[in-house]
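Structural description and commentary
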Amino acid sequence: MRIKGGIAILDFGSQYSQLIARRIRNHNIYAEVVPHWACIEHIQSLGPQGIILSGGPASVYAEKAPLPDPALFDTGIPILGICYGMQVTTALLGGRVAQARKKEFGKAHLYIDQAYPLYKNIPDGSQVWMSHADHITEMPKGFQQLAHTDSSIASTADLKRQIYTVQFHPEVTHSVYGEEILKNFAVEICGCKPSWDMGDFIEQSVSAIREKVGDKRVILGLSGGVDSSVAAVLIHRAIGDQLTCLFIDTGLLRKGEAHKAMQTYGEHFEMRIRLVTAQAQFLEKLEGITAPEQKRKIIGQTFIEVFDRESKKIQNVDFLAQGTIYPDVIESQSVKGPSDTIKSHHNVGGLPESMGLRLIEPLRELFKDEVREVGKKLGIPAVLIDRHPFPGPGLGIRILGEVSAEKLAILQEADAILIEEIRKAQLYHRVSQAFVVLLPVKSVGVMGDARTYEYTAVIRSVNTTDFMTATWSHLPHDFLERAGNRIINEVAGINRVAYDISSKPPATVEWE
Ligand code: XMP
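The structure presented is a predicted model; accordingly, all values stated were derived computationally and were not measured. One numbering rule holds for all chains: residues counted from 1, following each sequence as written. Selection of residues for local features in this predicted model requires a pLDDT of at least 70, selection of side-chain atom pairs for listing and counting requires 80 or more, and totals for whole chains, interfaces and linings are taken over all residues. Each side-chain value is derived from all of the structure's non-hydrogen atoms; neither hydrogens nor water enter the calculation.

This next bit is on the overall build of the chain. Secondary structure follows DSSP: runs of H or I at least 4 residues long count as helices, runs of E at least 2 residues long count as strands, and numbering of each begins at the N terminus. Within the chain, the secondary structure is distributed over 14 helices and 18 strands. Against the globule reference of 24 Å for 512 residues, the chain gives a C-alpha radius of gyration of 26 Å, in line with a compact fold. Here the C-alpha coordinates of the chain stretch approximately 80 × 60 × 40 Å along the principal axes. Throughout, exposure labels follow a simple rule: accessible area from a 1.4 Å probe, protein chains only, divided by the maximum for the residue type, with under 20% read as buried, over 50% as exposed, and the rest as partly exposed. Sorting the 512 residues of the chain into buried and exposed places 54% on the buried side. We compute the radius of gyration over the C-alpha atoms and compare it with the globule rule, which gives 2.2 Å times the number of residues raised to the power 0.38.

Next up, the structure:
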């Protein structure tokens, strides 16, 4: 835990655990997700003012149901159990939980029986979001009902011991006053003060980095993306020229990207940056490879090789800095265990331990939008901060099938036109991510009087808040017409453009 105080969230495997932290941090109160198996000594050593038990997919009476350390309920620290967290609290404290005949899923109305303190200023009958099979049939001794829906006990509490439970999910936006309820828990019940501020974060980080690094040297892989840029500028503020950044141009970047990024960094910051041009090496390794996973692995591996080789050219380096952010950290400590590998993500920061360097990850506690806020406070220009995400393997996974220099050049041109048009139409900030994909499919067309036989390009644009689910953007037809026409007319090698109308799931954002 970064600071004493705030809220610790014990994660029982809910896909929403991060969101709980996010909602609380919206009120400048620090919140951090901790695995549910954390022992009481560890939790107490973090010094939280309150503890939230998250939801989760298990049933409390199942054989391997995840359980918290029962001593948790005797610490005197206020507790809020959400969904599974409610059921586990009820079961462990002597109440009863039963399997419902029907899963309650979706919207419900919350009728409040006892307003203060959890439901202070929450209107009666407001909409909440339910997603549970089991439900409470008997409250533990000392508990009372705080709220109900038409079909279940929706909230209980032992007011003396400060243990609260809710059956619904206050962290999802479908629970209209959910964030307010979480705030009531943190402020009214736990007494948290709004002390989590990005300005303070910068000051604290700068002195922590200085102390950790001393007079040693640090290297960092700069990708042009938000996370590595913010990490670099923050570390640079702390230790100046003791930091060297390596910008590896894989050749799989957007058109002119490496050049533009170097220019922007150069104009705004006097950091030591070395540009390494390595397209030839990447293309050579990718020759003849068509399977998406194999391509991803090769790109990741080649990146590591190049980074390792180049970093050895810099003398006396002790530390490797990475732009790891909080969602990456939570994902790697998830209680769910390894899920099916849909795509092995390669991040420019993901360098191996074998490099023998000590790690610095100053953004480990931050969510993406907090990283952006830090970036803005550090004076990083908006072009670097407010950009769409770009995957580590780059255009390598947007050229379906084998990657070649010719296809890269074609895709870069088409993609540059799309982004230019999307900016011109002022749509760039209204979609979450937009790009062009090049298919290994040729079709017949006609240009002037001549027959053409060229590649097909696909425009992909999605809207999402978390990239775990996404819907295709409903872009105006005249925009699609304009962008499509320009791509066909201006890019040699493409004679047909399609628009991808698949959502995630079942599709994914990237095509490979
Ligand atoms: P998918 O395709 O998994 O993409 O629906 C979700 C988000 O993740 C990005 N993405 C990646 N980002 N390394 C990254 O840093 C990767 O290997 C990678 N693969 C996908 C994708 O662009 C989208 O924003």
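Additional details are given in the paragraphs that follow.
Here the expected length of a helix is defined as 1.5 Å per residue gap, with one fewer gap than residues. Taking 1.5 Å per residue, 20 residues should reach 28 Å; helix H13 (residues 405–424) reaches 29 Å between its end C-alpha atoms and fits that length. When H13 is considered as a whole, its buried residues turn out to be Lys 407, Leu 408, Ile 410, Leu 411, Gln 412, Ala 414, Asp 415, Ile 417, Leu 418, Ile 419, Glu 421 and Ile 422. For this analysis, residues touch if any pair of their heavy atoms sits within 4.5 Å. Against the buried residues of H13 lie helix H8 (279–286), strand E15 (433–447), strand E16 (450–463), helix H14 (477–490) and strand E18 (494–499). Of the residues one or two after H13, Gln 426 is the one with positive phi, at around 55 degrees.

Turning our attention to the domain arrangement of the chain. Annotation comment: domain bounds sourced from an automatic or database domain assignment. Assigned domains within the chain: domain 1 (7–189), domain 2 (198–385) and domain 3 (405–499). Listed per partner, the contact involves 7 residues of domain 2 and 9 residues of domain 3. Buried area: the accessible area, evaluated with a 1.4 Å probe, that two parts lose upon being put together, summed over both parts. Both faces combined, the contact of domain 2 with domain 3 buries some 640 Å², and carbon together with sulfur accounts for 51% of it. The largest contributions to the domain 2 side of the interface with domain 3 come from Arg 254, Lys 255 and Leu 283, which together make up 74% of the buried area. The term salt bridge refers to a pairing of a side-chain nitrogen on Lys or Arg with a carboxyl oxygen on Asp or Glu at a separation within 4 Å. At the surface where domain 2 touches domain 3, the tally comes to 2 salt bridges.

As a further point, take unusual backbone geometry. In this chain, Lys 504 is followed by Pro 505 through a cis amide linkage whose omega measures -15 degrees. Note on placement: Pro 505 falls in the segment after E18. For the bond from Pro 505 to Pro 506, the omega torsion is 10 degrees, close enough to zero to count as cis. Secondary-structure assignment places Pro 506 in the segment after E18. Positive phi is not limited to glycine here, since Gln 426 has a value of about 55 degrees. Counting through the fold element by element, Gln 426 comes out in the loop between H13 and E15.

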